[in-house]
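One letter stands for each residue in the lines below.
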Amino acid sequence: MKYIIAIIQPHRLDAVREALTQFGISGLTVSEVKGYGRQGGHTEIYRGAEYKISFVPKLKLEIAVSADTSDKAVEAIRNAAGTGKIGDGKIFVLDLLEAVRVRTGESGTDAL
């Protein structure tokens, strides 16, 4: 099993969700996060004054998938979230040792 963490732009969420659904991935967790990378933040003007915004709002997606599905999931996220501009985000793939469904006690890929 694999655990995929993706940091994406907020306006790309629906496209990513639809792309994952096409591959049969039906569950994901979404968190609102802030951060910066090479993008380095941006400036905004509020009431005539310019402010530097160091942390850019992003969404963090967390998805648990079977090992054979992970490459398709990463590709779906990359294609749906990408705009070709700086700040599109990152995708991290980690090994997932165990998963347990709380309601039934199923474990492993059955719990996904």
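See the structure printed just above.
Everything numeric here is computed off the predicted structure, so don't read it as measured data. (Residues numbered from 1 in each chain as written. Predicted model: local features only at pLDDT ≥ 70, side-chain atom pairs only at ≥ 80, totals over all residues. Heavy atoms only, no water.)

1. A short note on helix α1 (residues 13–22)
Taken together, the buried positions of α1 are Val16, Ala19 and Leu20. All buried residues of α1 lie within an arc of 95° about the axis, which places them on one face of the element. Structurally, α1 contributes buried residues whose contacts are with β1 (2–8), β5 (56–65) and α2 (70–81). Just downstream of α1 lies Gly24, where phi reads positive at about 85°. (Buried < 20%, exposed > 50% of the residue type's maximum accessible area, 1.4 Å probe, protein only. Helix = DSSP H or I, 4+ residues; strand = E, 2+ residues; numbered from the N terminus. Arc of directions from axis to C-beta. Contact = heavy atoms within 4.5 Å.)

2. Thoughts on the layout of surface pockets
Roughly 260 Å³ of volume is contained in the second largest pocket. Lining the second largest pocket we find 14 residues, and of these Ile25, Gly27, Ile63, Ala64 and Leu112 sit closest to its centre. When residues in the lining of the second largest pocket are grouped by element, the largest group, 4 residues, is from β5. When the residues that make up the lining of the second largest pocket are grouped by side-chain class, the tally is 7 nonpolar, 6 polar and 1 charged. (1 Å grid on protein atoms, 1.4 Å probe; cavity = no way out; pocket = protein on both sides within 12 Å on 5 of 7 lines; lining within 4 Å. Points joined across faces, edges and corners; volume = space filled by probe spheres on them. Nonpolar A, V, L, I, M, F, W, Y, C, P; charged D, E, K, R; others polar.)

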